[in-house]
Amino acid sequence: MARIVMKFGGTSVANLERIYNVARHVKREVNAGHEVAVVVSAMSGKTNELVDWVQNMPKVTGASSPFYDAREYDAVVASGEQVTAGLLAIALQSMDINARSWQGWQIAIQTDNAHGAARIQEIDGSEIIRRMGEGQVAVIAGFQGIGPDNRIATLGRGGSDTSAVAIAAAVKADRCDIYTDVDGVYTTDPRVEPKARRLKKVAFEEMLEMASLGAKVLQVRSVELAMVHKVRTFVRSSFEDPDAPGMGDLLNPPGTLICDEDEIVEQEVVTGIAFAKDEAQVSLRRLADRPGVSAAIFGPLAESHINVDMIVQNISEDGTRTDMTFTVPSGDAAKALKVLEDNKDKIGYDVVQSESGLVKVSVIGIGMRSHAGVAATAFKALAEKGINIKAITTSEIKISILIDGPYAELAVRTLHSCYGLDKN
Ligand code: ADP
Ligand code: ASP
Ligand code: MG
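From a predicted model like this one, the values you see are computed outputs, not experimental measurements.

Visitor: Please provide a residue-by-residue account of the sheet that holds strand β11 (residues 233–237), values included.
Guide: Spatial ordering of the open sheet is given by β3-β6-β2-β1-β9-β11-β12-β10, a layout of 8 strands whose pairing is mixed. Every interior strand has two partners, whereas the edge strands, β3 (99–102) and β10 (201–203), have only one. Ignoring which end each strand starts from, the neighbouring axes of this sheet average 20° apart. Packing against the sheet, helix α1 (residues 16–31) makes contact with β1 (3–8), β2 (35–40), β6 (137–141), β9 (175–180) and β11, and its axis sits at approximately 175° to β1.

Visitor: Tell me what's going on with the site of ligand 2, and back it up with residues and numbers.
Guide: What surrounds ligand 2 is the set S41, A42, T47, E81, F143, R157, G158, G159 and S160. Interatomic distance of 3.1 Å between a side-chain N/O atom of S41 and an oxygen atom of ligand 2. G159 places a polar main-chain atom, nitrogen or oxygen, 3.4 Å from an oxygen atom of ligand 2. Notes on ligand 2: free accessible area 260 Å², of which the protein chains cover 86%. Within the shell around ligand 2, the residues separate by chemical class into 2 nonpolar, 5 polar and 2 charged.

Visitor: Outline the pairing of β6, supporting the account with residue identities and numerical values.
Guide: Buried residues dominate β6, accounting for 5 of its 5 residues. Residues V137, V139 and A141 line one face of β6 and the alternating positions A138 and I140 line the opposite face, and both faces are buried. Where β2 meets β6, 4 bridges bridge the pair, whose relative direction is parallel. Bridge pairing in β6 places V39 opposite I140. Note: β3 against β6, 4 bridges, orientation parallel. In the sheet register, A99 faces β6, and the bridge partner there is V137.

Visitor: An account of the nonpolar core is requested, with residue identities and associated values reported.
Guide: With 43 residues, the main nonpolar core has V5, I128 and I140 as its most contacted residues. Listing elements by their share of this core, those giving two or more residues are β2, β5 (120–123), α6 (126–133), β6, α7 (160–170), β9, α8 (204–212) and α9 (220–229). Ignoring anything within four residues of it in the chain, the contact list for V5 reads A37, V39, A164, I167, A168, V171, A173, R175, C176 and D177. Counting 24 residues, the second largest nonpolar core, distinct from the first, contains F8, V22, A85 and A91.

Visitor: How would you summarise the sheet that holds strand β16 (residues 351–364) if you had to cite specific residues and measurements?
Guide: Think of a sheet as strands paired side by side through backbone hydrogen bonds, with each pair either parallel or antiparallel. Judged by pairing direction, the sheet is antiparallel, and its 6 strands sit side by side in the order β14-β15-β13-β16-β18-β17 without closing on themselves. Across the chains shown, the open sheet's two edge strands, defined by having one partner strand only, are β14 (311–313) and β17 (391–395). Between one strand axis and the next, the sheet turns through 25° on average, direction left out of account. Here strand β13 (residues 272–288) pairs with β16 via 11 bridges, running antiparallel. Bridge pairing in β16 places Q281 opposite E355.

Visitor: How would you sum up the site of ligand 1? Please name residues and give values.
Guide: Lining the immediate surroundings of ligand 1 are 17 residues, of which T180, D181, Y186, D189 and R191 lie closest. In the environment of ligand 1, an oxygen atom lies 3.1 Å from a nitrogen or oxygen atom belonging to the backbone of G10. Note that an oxygen atom of ligand 1 is positioned 2.8 Å from one of the side-chain N or O atoms of D181. Taken by itself ligand 1 offers 570 Å² of open surface, and the protein chains cover 89% of this. Of the residues belonging to the shell around ligand 1, the class tally is 7 nonpolar, 5 polar and 5 charged.

Visitor: Give me the lowdown on unusual backbone geometry, citing residues and values where you can.
Guide: Of the consecutive residues I107 and A108, the connecting peptide bond is found in the cis state with omega at 0°. If you trace the backbone, A108 turns up in the loop between α5 (104–107) and β4 (109–111). A positive phi is found at F143, a non-glycine position, where the angle reads about 75°. Topologically, F143 is positioned in the loop between β6 and β7 (144–146). By relative accessible area, which is 3% here, F143 ends up buried. Residue K172 is not a glycine yet carries a positive backbone phi of 55°. Examined against the element boundaries, K172 turns out to sit in the loop between α7 and β9. Exposure remark for K172: the relative accessible area of 65% places this residue in the exposed category.

Visitor: Go over the environment of L358, please, and point to the residues and values.
Guide: When you line up the elements, L358 lands in strand β16. L358 gets classed as buried once you look at its relative accessible area, which sits at 0%. With 316 residues separating them along the chain, L358 and A42 place their C-alpha atoms 30 Å apart. Once residues within four sequence positions are removed from consideration, L358 is found in contact with A276, K277, D278, E279, Q281, K390, L402, I403, D404 and G405.

What counts as what
Residues numbered from 1 in each chain as written. Chains lettered and ligands numbered in written order. Predicted model: local features only at pLDDT ≥ 70, side-chain atom pairs only at ≥ 80, totals over all residues. Heavy atoms only, no water. Pairing = 2+ DSSP bridges. Helix = DSSP H or I, 4+ residues; strand = E, 2+ residues; numbered from the N terminus. Axes fitted to C-alpha atoms, helices over the stretch in contact; angles between N-to-C directions. Contact = heavy atoms within 4.5 Å. Near = heavy atom within 4 Å. Polar contact = N/O pair within 3.5 Å; in protein donor to acceptor, adjacent residues only side chain to side chain. Areas by Shrake-Rupley, 256 points an atom, 1.4 Å probe, with all protein chains shown as cover. Nonpolar A, V, L, I, M, F, W, Y, C, P; charged D, E, K, R; others polar. Buried < 20%, exposed > 50% of the residue type's maximum accessible area, 1.4 Å probe, protein only. Core = buried A, V, L, I, M, F, W, Y, C linked by side-chain atoms within 4.5 Å.

In structure tokens form, the structure reads like this:
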């Protein structure tokens, strides 16, 4: 007997038929004698619709604030998961499985106060554990918890992955299975490069980079939690026949295991390619080259909650003036320009230029730590396709390259093949 947390994403619960199919996956594990808790997302498209409603509420002309109350945003967008949890509990009951639905506050999943992007602080798993012992399946609404203000808080887009891993840690589960619309983690998004290969195992550090650099298959925070709490996490498909051979394999279920680096015997130099669309580049020209300039730029941006990513500063030719370029999500570009304009005197620059619709493509692999020439290979391959590089940043295990938006797919496929990722 094992204790398993099973998470099902939006496309896996997109309609009643699929919810019924999800119930069959749960039934398989229950019938095998395991203790099971389930975490569900909203039905596919639902969260987008709810977010849209919040953002498009008409406003009185001249209203004092263009923004909405983030606590009410959470009250609205958390509702999608509540519906799925109830429906799945009903489907399970129809199969004579003892099941009940739970919302975040009922457990309780306690979060901080950052409405819209809250972090889980604590989960009391005792009642869930007690009921699992009695054979009851908990069907838990993902993506939500309750803040210190006693109000519903959501965990940021894709947050049901994080709910699942956090619950798995809280109930000391033997395994957390993230069921989605692909059958594992691939060398790149299989929807962009059909030659992408499924990985049997991915190291936590690599998965963290892949997720934070754009691979949305797992929310970044879920990978952090899996790493810290040593949760054995698999990414697998909900679309396979629940009763196909091997689906119930306890130690080696089909899919990708996210694990410690030491568990991976044959480590490739490059593991995967990730990409993030909709980046904007902002350049400050003829900036004073003196101590405190970076602080004067990035301090006010941080205070305005603008997430700055790549930062490139030129070495000044004459020791007085230089250029600085950085990237932000396209959606934040206008806000960033406003902040820079408001602080122009304090910063001291000549002009600011910006460009939206760019893409950041990243090459990721732990093996890079001990191999030279990985970056050069990428630059050469992109050059051969005539793709211009706008900015580059590197870390020990990744290289990120900023390019023009229309080249995204070509760049991903080019990088994927130049490291031989499409070959077995
Ligand atoms: P869910 O609704 O189940 O949470 P998501 O849409 O959030 O599913 O994540 C799954 C999607 O992630 C896949 O459909 C795939 O297009 C995308 N994806 C991006 N990069 C990768 C990758 N390296 N491996 C697998 N899937 C990826
Ligand atoms: N339904 C939420 C979203 O679409 C959470 C999730 O699916 O993980 O972001
Ligand atoms: Mg997701």
